[in-house]
Every structure is written in structure tokens, then in C-alpha cells.
Amino acid sequence: MTAPRPQRLLLLGGGHAQLAVLQALAQQRPANVEVVLVTPAPRQVYSGMLPGWLAGHYTEAQCVIALAPLAEAAGVTLRRAAAVGLDAAARTVRLDDGGVLGYDVLSVNTGPVQDPAAWGVPGQTAVPTLRPIEDWLARTTRRLAEVPPRRVVVVGGGAAGFELALAWRHRLEAAAEVSIVTGRSGLLANYPAAVRRLGRQALAARGVRCIEAAAREVSAEAVVTADGQRQAADEVVLAVGTVAPRWLQGSGLALAPDGGLATRATLQSVSHPEVFAAGDVASRLDGPLPKSGVYAVRAGAALAENVLGRLAGRAPQPWAAPVRTLNLLSLGERSAIAAWGPLAVQGRWVWRWKDRIDRGFMARHGTHAKPAAT
Ligand SMILES: Cc1cc2nc3c(=O)[nH]c(=O)nc-3n(C[C@H](O)[C@H](O)[C@H](O)COP(=O)(O)OP(=O)(O)OC[C@H]3O[C@@H](n4cnc5c(N)ncnc54)[C@H](O)[C@@H]3O)c2cc1C
């Protein structure tokens, strides 16, 4: 009697939720299952600590999770490549190295991409984007080592833009100018009024100019706002235009109106139950969740349970996403705002709290980060 063909579990992307799948595989490896992790980089950059890195509180090594040791501990083959196409009917994924990998079960956690063209403002295609984060990290490291900018303009008033503006402010000499152009909806538009108020005060107190207007034109040298004002810059940070990856289109997988991989509460594709997805690449149809690192992390346990359950023939369980989450926004220096529902507080103790949470997350995945000396 011949042994049954092993099933293949394909892990696309080593994002925040996938880390929990790797951890679960290290603890209980299902029999007769081959697992492959496809990732363009051998590490996962933890975006929650990036503003702290830019501000000078962490080294780069403290903000990254090495994927190879996690894959090795889980008995997973690591394939350095990026997915560029998917055929859900054939159950195959096309890679940028020309390879094609088949799967029986697929777990997708590749995050979003930043597509300035989709944002639709003229000029900005010449400006480097925040994603892929690896590229931004390398470029910003070079920039800081060569000639640090004197005029920084951040475009985008969401959490990433807000934190990065304040991180640049903290990093640069007092004579440097930092501005943030928030877009029409204003600063921290997805946050309650108390957070927006503290956010505006934090920018004003640190001398960051907050322009609550839409950008009409963006180039590497300047940002022109809707009222015609020109903000000259030698560093433009584009914290807008985050969308679902294009390779999902034409895959045959059902997509949500925002282009994300449409999932149920079980994190399964609504069209293909052998496909699971979590994090920013996924869009739950039963009740859309915010695209955020916090939700991507929180989905990890359910993703692991349901992916491994599928291989073992167990019925998937719905993930009851938290109604509210704790959001922590760093303010450049070692101070932060905590947001919980409509409530908001600010202080140096909040930064220490955030620092403990972030370092705890990193330590669970093998990176032990002590804050850099002040
Ligand atoms: C500067 C900055 C600060 C932020 N701060 C916060 C914060 O404090 N709190 C918060 O909740 N959110 C924050 N965010 C948002 C947060 O980064 C995202 O919501 C979060 O990264 C989404 O997690 P994810 O696991 O879905 O994807 P990611 O973290 O992007 O992980 C995706 C992984 O998949 C890999 N990958 C990408 N494409 C492919 C492909 N084609 N094939 C295979 N692998 C691929 C990537 O290399 C990466 O390792 C911040 C974002 C930025 C840019």
C-alpha cells in the first residue's frame, strides 16, 4: 500500500497573523503535511516600532523578526519570492522568480501595497512610498547617514503619517521644518474627537505644522495643497494610497468592494474554503474590520487554529474580532497617546506601556529589544 500524497500548506507572506501559524506549527506539526512559507524578505518588519526607530529609540535589529529561525523551528521550507499571481481553480500561486507552487490549503497574510497611482494626485509617482517597508527602511537609513533633510512634508493624516511626522521632528535638529498635510478629512479622521484634539495639540507643541487640506500635487520637491499653497520639501513622506495587492485580481477568488480578499468570520475565502486570509490583505464581508496591525496580530490565533484545523478535518470556528482595541500613537519623544473607544490619555507612562507591549510581541517571536539609550 502506498502512503497518501502529503498535503501542501502554502503560507503566503510572513505578516503579523502568519507568525501565529508558524508558532502553532512549531508546537504541533500535523502528519503528512508539507509546509512552504513564501516571503520576499527573510524577515518581518514590525511597523508598530518603526516611528520609534526613526525617532532614534530603537535600532533596526530591534524592529525586525527573523523568519528563517521560525520557519526552521516549525519544519517549514522558506522560499524567498513574492506572489505575483494566483489561480484559485487550479490551486496554484505564481511567484516572481518564475516558479509556480500548488497548494491544498493556502494562508494569505501579505499585507497591503501602496499604489500612489490609485490615489490619483498628480506627480506623486516620483515620490518613494512607505511600502514595501524594507525599501523605505533602507532608503531612510541612507538618508539619515548622508544628508538628513531640512524640510519634511508628510502627506496623509492617518496614524502612520501622524507618528512619522512626529518621529522626523524628534530626529531632526530644531531648525528643520516638519509639516503634515492631512487630506480633506483632517488629522486622525478615523479616531474619536478626544484623540484628534490631543493629536493636534501634540503637533502644535512640537512645532509640526498641521495643514488640514487635500494635496493637489505632490512631487519629490514640494506638496501643493488644494488652496494653491506650496510646501517646499527635501523629504516627502507619502503615507496614503494603501490598497489590496493587484495580483488578487483575476485569481478567481471572491474580492470585496475594496479589492481585498473577501473572507467570512472563519477567515476563509467566501468563494474557496481552502483559502484563508488575515491582516490588511483580507476584507471581512460580515462586518469590515479596520486595516491595522492591531487587528492583524489579534487574528493570528484564529488563523492558526482554522488553517491547522482544515488540514486535520476539523470545522472552522468564527473569529469574534474585538469591538474595540487599544491604539497607541507615539509622539516622537518618549511620550504617546492611548486611545480606547472614545477615551484618550497622553503621557510618558503611555510610551512606556506601548514600549512594553511592542517588546513583548517581538520577544514572543524571538527578537529581544531593550529600548536604545536616550
Ligand atoms: C510607519 C507605519 C506605522 C504604523 N503603525 C501602526 C500602529 O502603531 N498600529 C497599527 O495597528 N498599525 C500600524 N500601521 C499599519 C500596519 O503596518 C498595517 O496595518 C499592518 O502592517 C498590516 O499587517 P499585515 O500582517 O496584514 O501585513 P504586513 O505587516 O505588511 O506583512 C505582510 C508580509 O507579507 C510580505 N509580502 C508582501 N507582499 C508579498 C507577496 N506578494 N508575496 C509574499 N509575501 C509578501 C511582506 O514582506 C510582509 O512580511 C503602521 C504602518 C506604517 C507604515
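Per chain, the residues get numbers from 1 upward, laid out in the order the sequence is written. With the structure being a predicted model, the display of local features is reserved for residues of pLDDT at least 70 and the display and counting of side-chain atom pairs for 80 or more, all residues being used for whole-chain, interface and lining totals. To get the side-chain values, all heavy atoms of the structure are used, and hydrogens and water are removed first.

**A look at the overall build of the chain**
In this text, helices come from DSSP runs of H or I with a minimum length of four residues, and strands from runs of E with a minimum of two, each type numbered from the N-terminal end. Along its length, the chain carries ten helices and 24 strands. In terms of its C-alpha atoms, the chain occupies a principal-axis envelope of roughly 75 × 40 × 40 Å. For every residue, the accessible area (1.4 Å probe, protein chains only) is compared with the maximum for its type, and the residue is labelled buried under 20%, exposed over 50%, or partly exposed between those bounds. Across the 374 residues that make up the chain, the buried fraction comes to 52%. Element-wise, carbon and sulfur atoms account for 53% of the exposed surface of the chain, whose accessible area totals about 16,500 Å². Computed over 40 positive and 28 negative side-chain charges, the inter-centroid distance for the chain is 6 Å. Using a 1.4 Å probe, accessible areas were evaluated by the Shrake-Rupley method; residue-level cover was limited to the displayed protein chains. Positive charges are assigned to Lys and Arg, negative charges to Asp and Glu, while His and the chain termini are left out of the count. Where a charge lies is defined by one atom per residue type: Lys uses NZ, Arg uses CZ, Asp uses CG and Glu uses CD.

**As for the packing of helix H1 (residues 18–27) against helix H9 (residues 300–312)**
Where H1 contacts H9, the two axes come as close as 7 Å, and the packing angle between them is 50°. With respect to H9, the axis of H1 lies oblique. Considering the relative orientation of H1 and H9, their crossing is right-handed. Here Gln18, Ala20, Val21, Ala24 and Leu25 of H1 lie close against H9, whose contacting residues are Gly300, Ala301, Leu303, Ala304 and Leu308. Between N-to-C directions, angles cover 0 to 180 degrees, with each direction set by a line fitted to C-alpha atoms, over the stretch in contact for helices. The cut-offs work like this: below 35 degrees is roughly parallel, past 145 is roughly antiparallel, 65 to 115 is roughly perpendicular, and the gaps in between are oblique. When the near helix sits turned anticlockwise from the far one by under a right angle, the crossing is termed left-handed; a clockwise turn instead gives a right-handed crossing. Working rule for contacts: check all heavy atoms of both residues, and any pair within 4.5 Å makes them a contact.

**Examining the site of the ligand**
Being near a molecule or strand, for a residue, means having at least one of its heavy atoms within 4 Å of it. Surveying the vicinity of the ligand reveals 27 residues, the closest of which are His16, Gln44, Ser47, Arg131 and Asp280. In the analysis that follows, any N or O atom pair within 3.5 Å is treated as a polar contact, provided that within protein one partner can donate a hydrogen and the other can accept it, and provided that, for residues neighboring in sequence, both atoms belong to side chains. Within the side chain of Ser47, one N or O atom sits 2.6 Å away from an oxygen atom of the ligand. One nitrogen or oxygen atom from the main chain of Val294 is found 3.0 Å from an oxygen atom belonging to the ligand. Isolated, the ligand exposes 990 Å² of accessible area, and the fraction of that covered by the protein chains is 86%. When contributions to the shell around the ligand are tallied by element, the ones reaching two or more residues are helix H6 (159–171) and helix H8 (293–298). Two domains each put at least three residues into the shell around the ligand: domain 1 (7–40 + 81–112 + 244–312) and domain 2 (116–241). What marks off one domain from the next here is an automatic or database domain assignment.

**Some thoughts on the environment of Val218**
Here Val218 shows up in strand E14 (residues 215–218). The sequence separation of Val218 and Asp280 amounts to 62 residues, and the corresponding C-alpha distance is 26 Å. Beyond its immediate sequence surroundings of up to four residues, Val218 is in contact with Trp119, Val121, Pro122, Gly123, Gln124, Val127, Val155, Val223, Val236 and Leu238.

**Considerations on the sheet that holds strand E6 (residues 83–87)**
A pair of strands is treated as paired once DSSP finds two or more bridges between them. The three strands lie next to each other as E6-E7-E8, forming an open sheet whose pairing is antiparallel. In this open sheet, the two strands that pair with only one neighbour each are E6 and strand E8 (100–102). Geometrically, the sheet is characterised by an average inter-axis angle of 25° between neighbouring strands, direction not taken into account. Where strand E7 (residues 92–95) and E8 come together, three bridges link them in antiparallel fashion.

**Examining the nonpolar core**
For the purposes of this section, nonpolar cores are sets of buried Ala, Val, Leu, Ile, Met, Phe, Trp, Tyr and Cys residues that join through side-chain atoms within 4.5 Å. In this structure, Leu9, Leu25 and Phe162 are the most contacted members of the largest nonpolar core, which totals 77 residues. A domain-level breakdown of this core finds at least three residues from each of domain 1 (7–40 + 81–112 + 244–312) and domain 2 (116–241). If we ignore the near neighbours within four places in the chain, the residues touching Phe162 are Gly156, Ile180, Leu187, Leu188, Gly199, Ala202, Leu203, Leu329, Ser330, Leu331 and Ile337. By size, the runner-up hydrophobic cluster in this structure holds 23 residues, among which are Val93, Tyr103, Ala244 and Ala277.

**Considerations on H9**
Every helix has an expected span of 1.5 Å times one less than the residues it contains. End to end, H9 covers 18 Å across 13 residues, agreeing with the expected 18 Å (1.5 Å per residue, within 8%). Taken together, the buried positions of H9 are occupied by Gly300, Ala302, Leu303, Ala304, Asn306, Val307, Leu308, Gly309 and Leu311. The elements touched by buried residues of H9 are strand E1 (7–12), H1, strand E2 (33–39), strand E9 (105–108), strand E20 (275–277) and H8. Of the residues one or two after H9, Gly313 is the one with positive phi, at around 85°.

**Thoughts on the domain arrangement of the chain**
Along its sequence, the chain is organised into domain 1 (7–40 + 81–112 + 244–312) and domain 2 (116–241). Each of domain 1 and domain 2 has a C-alpha centre, and the two are 32 Å apart.

**A few points about the sheet that holds E14**
Strand order in the open sheet formed by three strands is E14-E15-E16, and the pairing between neighbours is antiparallel. Whereas interior strands pair on both sides, the edge strands pair on one side only; in this sheet they are E14 and strand E16 (230–232). In this sheet, neighbouring strand axes are inclined to one another by 20° on average, regardless of whether the strands run parallel or antiparallel. Across three bridges, E14 lies against strand E15 (residues 222–225) in antiparallel orientation. When the bridges of E15 are listed, Val218 appears paired with Val223.

**Section: the side chain of Arg206**
If you trace the backbone, Arg206 turns up in the loop between helix H7 (193–205) and strand E13 (208–211). In terms of polar contacts, Arg206 uses its side chain to reach the backbone carbonyl oxygen of Ala202, at 3.0 Å. With near-sequence residues (within four places) excluded, Arg206 lies in contact with Leu166, Arg169, Leu331, Glu333, Ser335 and Gln346.

**Overview of the pattern of salt bridges**
We define a salt bridge as a side-chain nitrogen of Lys or Arg found within 4 Å of a carboxyl oxygen belonging to Asp or Glu. This model, assessed by the stated rule, comprises 17 salt bridges. One salt bridge in this structure joins Glu212 and Arg200, with 2.5 Å as the shortest N-O distance. Of this pair, Glu212 sits in the loop between E13 and E14 while Arg200 sits in helix H7, and the two are twelve residues apart along the sequence.

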